[in-house]
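Architecture and fold: a report
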Amino acid sequence: MVHTDTIPLSTRGFADIIDITEKVAAIASTSGVSNGIVTVFCQGSTGTITTIEFESGVVKDLQEAIEKIAPSNIPYEHNKRWGDGNGFSHVRAALMKPSLSVPLINGAMALGTWQRIVFIDFDNRGRNRSIIVQAMGE
Ligand code: ZN
């Protein structure tokens, strides 16, 4: 069977990192799927779904690493063409991918003890997002 739901989020942008683990788990547990896979997907090309140990040190370290990989203060061709100033957001999102798959085993997501599912909004402004969660299996 397949069950699809969404998580509405309002974000602050600029690598805002939001823990959505409980919301994904709630959808997975009411989905009717016990064994299969949960896919979490971010629509749009300026965000990513990944997992981290969600504590303030890791959050800060990751934000700083991202700033080094695709700096926000250098020129981007995208900005020259479109003038929306979020070239860095698109590069970051492409490198980190828009979706994540988590195995669902006997009704529980197979996450590690400290592993949390996060949405990172790379855009250069706050956004209202709709994260798609799809549970597939039996
Ligand atoms: Zn853009």
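Refer to the structure presented above.
Everything in this summary refers to the structure shown in the same document. Treat the numbers as computed from the prediction; the structure is a model and nothing was measured.

**Considering the overall build of the protein**
- Each helix and strand in the protein was counted, giving four helices and eight strands.
- Along the protein, from the amino end to the carboxyl end, the secondary structure elements read β-β-α-β-β-α-α-α-β-β-β-β.
- Against the 2.2 N^0.38 benchmark of 14 Å for 138 residues, the protein shows a C-alpha radius of gyration of 16 Å, consistent with a compact globule.
- In terms of principal-axis extent, the alpha carbons of the protein reach across some 50 × 30 × 20 Å.
- Of the contacts formed within the protein by residues at least 6 apart in sequence, a portion of 80% connects residues at least 24 apart.
- Just so you have it, the protein exposes about 7,500 Å², and 55% of that area is on carbon and sulfur atoms.
- Side-chain charges in the protein split into 12 positive and 14 negative, and the spacing between the mean points of these groups amounts to 7 Å.

**Description of the coordination of the zinc ion**
- Only His78 (NE2), Asp84 (OD), Asn86 (OD1) and His90 (NE2) from the protein reach the zinc ion as donors, at distances of 2.1 to 2.3 Å.
- Classification of the site at the zinc ion as irregular follows from its four donor atoms and the range of 89 to 170° in their angles at the metal.
- The sequence motif formed by the donor residues of the zinc ion is H-x5-D-x1-N-x3-H.

**Considering the environment of asparagine 106**
- Relative to the helices and strands, asparagine 106 resides in the loop between strand E5 (99-105) and strand E6 (108-109).
- Among the residues examined, asparagine 106 registers a relative accessible area of 65% and is labelled exposed.
- Each C-alpha atom of the pair asparagine 106 and valine 33 lies 8.9 Å from the other, and the pair is 73 residues apart in sequence.
- Excluding anything up to four places from it in sequence, asparagine 106 contacts Ser34 and Asn35.

**A short note on the sheet that holds strand E8 (residues 128-137)**
- Pairing within the open sheet is antiparallel, and its five strands lie in the order E1-E8-E3-E5-E6. Single-partner strands in this sheet number two, and they are strand E1 (2-10) and E6.
- Packed onto the sheet, helix H1 (residues 21-30) meets E1, strand E3 (36-42), E5, E6 and E8 and runs at close to 155° relative to E1.

**Brief notes about the pattern of salt bridges**
- Under the criterion given, the structure shown has eight salt bridges.
- We note a salt bridge from glutamate 67 to arginine 92, for which the minimum N-O separation is 2.8 Å. Here the residue glutamate 67 occupies a position in helix H2 (residues 56-69), and arginine 92 occupies one in helix H4 (residues 87-96), the gap between them amounting to 25 residues.
- Residue classification places glutamate 67 among the partly exposed residues on the basis of a relative accessible area of 31%.
- Among the salt bridges present, the one from aspartate 123 reaches arginine 127, with a minimum N-O distance of 2.6 Å.
- Judged by its relative accessible area of 23%, arginine 127 falls in the partly exposed class.
- In the salt-bridge network here, residues are joined through shared partners; they are Asp19, Glu22 and Arg116.

**A few points about a nonpolar patch on the surface**
- There is a patch of nonpolar side chains on the surface, built from Val2, Ile37 and Met136 and spanning about 230 Å² of accessible area.
- The class of isoleucine 37 is partly exposed, set by a relative accessible area of 32%.

Thresholds, definitions, all that
- Residues numbered from 1 in each chain as written.
- Predicted model: local features only at pLDDT ≥ 70, side-chain atom pairs only at ≥ 80, totals over all residues.
- Heavy atoms only, no water.
- Helix = DSSP H or I, 4+ residues; strand = E, 2+ residues; numbered from the N terminus.
- Rg over C-alpha atoms; globule rule 2.2 N^0.38 Å.
- Contact = heavy atoms within 4.5 Å.
- Areas by Shrake-Rupley, 256 points an atom, 1.4 Å probe, with all protein chains shown as cover.
- Lys, Arg positive; Asp, Glu negative; His and termini not counted.
- Charge placed at Lys NZ, Arg CZ, Asp CG, Glu CD.
- Donors = N, O, S within 2.8 Å, 3.2 Å for Na, K, Ca; no water.
- Tetrahedral: all angles 85-135°; square planar, octahedral: opposite > 155°, others 65-115°.
- Buried < 20%, exposed > 50% of the residue type's maximum accessible area, 1.4 Å probe, protein only.
- Pairing = 2+ DSSP bridges.
- Axes fitted to C-alpha atoms, helices over the stretch in contact; angles between N-to-C directions.
- Salt bridge = Lys/Arg side-chain N within 4 Å of Asp/Glu carboxyl O.
- Patch = residues over 30% accessible without salt bridge, like charges linked within 9 Å, V, L, I, M, F, W, Y side chains within 5 Å.

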